[in-house]
Amino acid sequence: MNMTIDDIKITIYLAKAKSETLAYVALGFPVEIEGSPAPLSISGFRIMTDHYQRHGGYRVVEPQIIRAGKKPISIFFMQNKELWFKMQSKILAEYDKLAARKIFNQPDNETS
């Protein structure tokens with residue numbers, strides 16, 4: 001199966017507390033193993049404010065682990081940088097739609 005970026009399901013949950021983290025993101029990949037559907041989900045992405053004002057003032061941060069007293073280590077890496085930038089743009093576009101609905105008091109707290 002040849003997957004496109006449009007096949008990836010993006011689910012966004014707005015953060016409840018006011019902080020640099022604006023929302024949490026999960027990506028769902030439609031995968032088949034031995035002919036049976038076996039969707040893969042990766043959660044832990046975050047949309048955060050960006051002080052460098054890229055992408056409208058926010059950015060996508062990959063899932064990370066933090067070892068005691070050490071710097072965070074990303075646990076997701078997409079080797080194709082062009083594809084990663086497209087994925088970030090798609091995630092941020094979905095976030096923009098969700099944030100716009102929130103501004104106009106529409107009831108959804110997540111999008112997919």
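*Asks:* In this structure, what is going on with the overall build of the chain? I would like to understand it.
*Replies:* Helix and strand content of the chain: one helix and nine strands. Ordering the α and β elements of the chain from the N terminus gives β-β-β-β-β-β-β-β-α-β. Counting every position in the chain, which comprises 112 residues, the buried fraction comes to 29%. When contacts within the chain are restricted to residue pairs at least 6 apart in sequence, long-range pairs at least 24 apart make up 39% of them. Total accessible area computed for the chain in this model is approximately 8,000 Å², and 54% of it derives from carbon and sulfur atoms.

*Asks:* Would you take a moment to explain the pattern of salt bridges for this structure?
*Replies:* For side chains bearing opposite charge, pairing can occur when the charged atoms are close. For the structure on display, the rule yields three salt bridges. Its salt-bridge partner being Lys-86, residue Glu-82 comes within 3.9 Å of it at the nearest N-O pair. Pair noted here: Glu-82 and Lys-86 are both in helix H1 (residues 81–103), with a separation of four residues, about one helical turn. Since its relative accessible area comes to 47%, Lys-86 is described here as partly exposed. Taking the shortest distance from any N to any O, the salt bridge between Glu-94 and Lys-97 comes out at 3.3 Å. In this pair, Glu-94 and Lys-97 are both assigned in helix H1, three residues apart and thus about one turn of the helix distant.

*Asks:* What should I look at first to understand the side chain of Asp-50 in this one?
*Replies:* Of note, Asp-50 is situated in the loop between strand S5 (40–49) and strand S6 (58–61). Under the relative-accessibility criterion, Asp-50 is labelled buried at 3%. Those residues in contact with Asp-50, other than ones at most four positions away along the chain, are Gly-57, Tyr-58 and Arg-59.

*Asks:* Can you help me understand the nonpolar core in this one?
*Replies:* A general feature of soluble globular proteins is that nonpolar side chains tend to end up buried together. Membership of the largest hydrophobic core comes to 20 residues, with the highest contact counts inside it found for Ile-12, Val-25, Leu-27, Ile-47 and Ile-91. Examining the composition of this core, we find that six residues originate from one element, H1, more than from any other. Beyond its immediate sequence surroundings of up to four residues, Ile-47 is in contact with Ile-12, Glu-20, Thr-21, Leu-22, Ala-23, Val-25, Tyr-58, Arg-59, Ile-91, Leu-92 and Tyr-95.

*Asks:* Mind showing me how you'd approach the environment of Tyr-95 here?
*Replies:* With respect to the helices and strands, the residue Tyr-95 is situated in helix H1. Apart from residues no more than four positions distant in its own chain, Tyr-95 is found in contact with Ile-12, Leu-14, Leu-22, Ala-23, Ile-47 and Tyr-58.

*Asks:* Hey, could you run me through a nonpolar patch on the surface in this one?
*Replies:* A cluster of nonpolar side chains, contributed by Ile-65, Ile-73 and Ile-75, occupies part of the molecular surface with about 250 Å² of accessible area. Inspection of the secondary structure assignment puts Ile-75 in the loop between strand S8 (72–74) and H1.

*Asks:* When you look at unusual backbone geometry in this model, what are you seeing that I'm missing?
*Replies:* Peptide bonds are mostly trans, and most non-glycine residues show a negative phi. With a phi close to 50°, Glu-34 is a non-glycine residue in the positive phi region. Tracing the backbone shows Glu-34 in the loop between strand S3 (32–33) and strand S4 (36–37). Relative accessible area serves as the criterion here: at 79%, Glu-34 is assigned to the exposed category.

*Asks:* In this structure, what is going on with the packing of aromatic side chains? I would like to understand it.
*Replies:* The relation between two aromatic rings is expressed through the spacing of the ring centres and the mutual angle of the planes. Overall, the coordinates contain four aromatic pairs when judged by the stated rule. Here Phe-45 and Phe-76 contribute two aromatic rings whose centre-to-centre distance is 5.0 Å and whose plane-to-plane angle is 75°, an arrangement assigned as edge-to-face. Of this pair, Phe-45 sits in strand S5 while Phe-76 sits in the loop between S8 and H1, and the two are 31 residues apart along the sequence. A centroid spacing of 5.9 Å and a plane angle of 50° characterise the contact between Phe-76 and Trp-84, whose relative ring orientation is tilted. The exposure classification of Phe-76 matches that of Trp-84, with both residues buried.

Definitions and limits used
- Residues numbered from 1 in each chain as written.
- Predicted model: local features only at pLDDT ≥ 70, side-chain atom pairs only at ≥ 80, totals over all residues.
- Heavy atoms only, no water.
- Helix = DSSP H or I, 4+ residues; strand = E, 2+ residues; numbered from the N terminus.
- Buried < 20%, exposed > 50% of the residue type's maximum accessible area, 1.4 Å probe, protein only.
- Contact = heavy atoms within 4.5 Å.
- Areas by Shrake-Rupley, 256 points an atom, 1.4 Å probe, with all protein chains shown as cover.
- Salt bridge = Lys/Arg side-chain N within 4 Å of Asp/Glu carboxyl O.
- Core = buried A, V, L, I, M, F, W, Y, C linked by side-chain atoms within 4.5 Å.
- Patch = residues over 30% accessible without salt bridge, like charges linked within 9 Å, V, L, I, M, F, W, Y side chains within 5 Å.
- Phe/Tyr/Trp six-rings, centres within 6.5 Å; stacked < 30°, edge-to-face > 60°.

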